[in-house]
Number of protein chains: 4
Amino acid sequence: MSPFHIQVRVYYEDTDLGGVVYYANYLRFFERARSEWLRSLGVNQQRMAAVQGVGFVVVRAEIDFRAAARLDDLLTVSVKPAEVKRAYLWLDQEVRLEDGRPCAAARIQVACVRHKDMKPQPLSEELTARISA
Amino acid sequence: MSPFHIQVRVYYEDTDLGGVVYYANYLRFFERARSEWLRSLGVNQQRMAAVQGVGFVVVRAEIDFRAAARLDDLLTVSVKPAEVKRAYLWLDQEVRLEDGRPCAAARIQVACVRHKDMKPQPLSEELTARISA
Amino acid sequence: MSPFHIQVRVYYEDTDLGGVVYYANYLRFFERARSEWLRSLGVNQQRMAAVQGVGFVVVRAEIDFRAAARLDDLLTVSVKPAEVKRAYLWLDQEVRLEDGRPCAAARIQVACVRHKDMKPQPLSEELTARISA
Amino acid sequence: MSPFHIQVRVYYEDTDLGGVVYYANYLRFFERARSEWLRSLGVNQQRMAAVQGVGFVVVRAEIDFRAAARLDDLLTVSVKPAEVKRAYLWLDQEVRLEDGRPCAAARIQVACVRHKDMKPQPLSEELTARISA
């Protein structure tokens, strides 16, 4: 079964003088994929932030940087839940080139927190059920 | 009289595959200089945002991009108030290379707004007085 | 006739503590639209950079920032050539919200340059013809 | 013995709608510190890239995100070599708030590569000696 994924085009803004995607930008790509994955599960992050004052934050990230992505590349960025706990998730994420070679692979721990004081909030039962479905 | 200025080092994050600073990043440098200039005038933007829910936003920017800045360059970024109105300012800003050549020159209109609805807020008399001093 | 346009989703990376898109990021969105517009005209920027060592750079930008874009907004970013010269172009670009309200409107001068020394290069006759078509 | 460190101010560009530093931006801060550390060891990255076509790239990063940094915070970003091999390094890096609390702690593997094909290049004996000193 293919994990959830989005496509991301590499633009000038993403590259550095080495001619390749700047390393921190893979974390932006990972976040775009997580946001679309949450949207696909019915999560409205804008409303969560505005109404409840909560949001998801990355607690830990382990990233391997492999093949370099370059301008105009059309990347596939995936999200696969690996572990779901009461107040956090572990996700497996990958960025791949069009020929399937991996650019970056990550294991990312995401927690739900209250923006005001960054205190952890339990995931709703509904969301937990949808993620585990 | 030399205008207010800060120094900004060019890092990998700022460059693109052309080997030069990516054009949007000059706007980040301009904002850093405006923030330090506001701090030098006694403005606490963190408190303004957290307590009053207001902040400065750019309403219009006219920018000329000239000499290219490159990795490791130590840039000088200046701010000079050109016009102070009830609810906005016009600022002249420049980014210069170490040899004095201009990289970017801008005329920037900044307004004070309430974040919630982006409604303009009048500048305090105290701030207006300090800017005009 | 509707001008060339792309859609851009607003992610966490694009916002600032005001809850809105950080002003410099509209210039990233403008560049994404320009890159897709060039691609639609048959221009391969990756090959231009790697083989010929040339690329397009922004020489001047005049931007009005209007309605604020927020997380999850799906923006439409357009490109319309306004003037085509031997070695540069003037483009009209806009970012609009889903309800059609403009977030940012810009007039942008783009030149073709050699990356090594940033010297201007004439646009190819073929490209000039395609843009003017 | 205090490890090498620099200070980094948090600006609007670094924050997201949660009011805190966006997670990928800590990797930009880590890179700024690595670049200044390399400069302090006599490494000229601009010349390396322009003349030799080589540069340092991150191969793996393990990052724990802890206390959130906010606008105006003056962060201390450190670099401490943990392991020096023929063609790569492991570095320990931290970002701390002014009161000493850690915002982010990372273990980062950096390799020297040729930009053209991303092939690894051995570190010069001179650099290896300086890092180990």
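One can find the structure itself at the top, above this paragraph.
Conventions adopted
Residues numbered from 1 in each chain as written. Chains lettered and ligands numbered in written order. Predicted model: local features only at pLDDT ≥ 70, side-chain atom pairs only at ≥ 80, totals over all residues. Heavy atoms only, no water. Contact = heavy atoms within 4.5 Å. Buried area = accessible area lost by both parts, 1.4 Å probe. Salt bridge = Lys/Arg side-chain N within 4 Å of Asp/Glu carboxyl O. Phe/Tyr/Trp six-rings, centres within 6.5 Å; stacked < 30°, edge-to-face > 60°. Helix = DSSP H or I, 4+ residues; strand = E, 2+ residues; numbered from the N terminus. Buried < 20%, exposed > 50% of the residue type's maximum accessible area, 1.4 Å probe, protein only. Pairing = 2+ DSSP bridges. Axes fitted to C-alpha atoms, helices over the stretch in contact; angles between N-to-C directions. Polar contact = N/O pair within 3.5 Å; in protein donor to acceptor, adjacent residues only side chain to side chain.

Trainee: Would you mind going over the interface of chain A and chain D with me for this structure?
Mentor: Reports often express the size of an interface as the amount of accessible area lost when the parts come together. Taken together, the contacts link 25 residues of chain A with 25 residues of chain D. Of the roughly 2,200 Å² buried between chain A and chain D on both sides combined, carbon and sulfur atoms contribute 56%. A per-residue breakdown of the area chain A buries against chain D is headed by Y23(A), L27(A) and R60(A), which together make up 24% of the total. Counting across the interface, chain A meets chain D through 3 salt bridges. Salt-bridge contacts for D64(A) lead to R60(D); the nearest nitrogen and oxygen are separated by 2.9 Å.

Trainee: Quick question: what am I supposed to make of the packing of aromatic side chains here?
Mentor: In this description, an aromatic ring pair is defined by two values, namely the gap between the centres and the angle between the planes. Considering all chains together, one arrives at 16 aromatic pairs over all chains under this definition. Note on Y26(D) and F65(D): the rings are 6.0 Å apart at their centroids and 55° apart in plane angle, and the pair reads as tilted. Of the two residues, Y26(D) sits in helix 1 (residues 25–40) while F65(D) sits in strand 2 (residues 54–65), which places them 39 residues apart along the sequence. You can call F65(D) buried: its relative accessible area is 10%. Members of the aromatic cluster, joined through ring pairs, are Y22(A), Y23(A), Y26(A), F29(A) and F65(A).

Trainee: Help me out: how do you make sense of the sheet that holds strand 3 (residues 74–84) of chain C in this one?
Mentor: Note: strands within a sheet are paired through backbone hydrogen bonds, in either parallel or antiparallel orientation. Spatially, the 10 strands line up as an open sheet ordered 1(B)-3(B)-4(B)-5(B)-2(B)-2(C)-5(C)-4(C)-3(C)-1(C), and their pairing is antiparallel. A strand with exactly one partner marks an edge of an open sheet, and here the two such strands are strand 1 (4–9) of chain B together with strand 1 (4–9) of chain C. This sheet shows a mean twist of 30° between the axes of neighbouring strands, independent of strand direction. One ladder, built from 11 bridges, connects strand 2 (residues 54–65) of chain B with strand 5 (residues 102–114) of chain B; its direction is antiparallel. Looking at strand 5 of chain B, one finds that F65(B) is bridged to A104(B). Sheet strands touched by helix 3 (residues 125–132) of chain B: strand 2, strand 3 (74–84) and strand 4 (88–96) of chain B. Its angle to strand 3 of chain B, the strand with the most contacts, is close to 115°.

Trainee: Help me understand the interface of chain B and chain C, please; the structure alone is not making it clear to me.
Mentor: Contacts between the two partners involve 25 residues from chain B and, on the opposite side, 25 residues from chain C. Both faces considered, chain B and chain C share a buried interface measuring about 2,200 Å² in area, 55% of it formed by carbon and sulfur atoms. For the interface between chain B and chain C, the tally reads 2 salt bridges. The tally of links from chain B across to chain C stands at 16 residue pairs in polar contact (both at pLDDT 80 or more).

Trainee: What am I meant to see in the pairing of strand 3 of chain B here?
Mentor: Moving residue by residue along a regular strand, the side chains alternate between the two faces of the sheet. Residue and element names in this part refer to chain B. When strand 1 meets strand 3, the two strands line up antiparallel, connected through 6 bridges. Note on strand 3: the bridge partner recorded for I6 is V77. Two elements, strand 3 and strand 4, share 8 bridges in a ladder whose sense is antiparallel. Across the sheet, V79 pairs through a bridge with Q93, a residue of strand 4.

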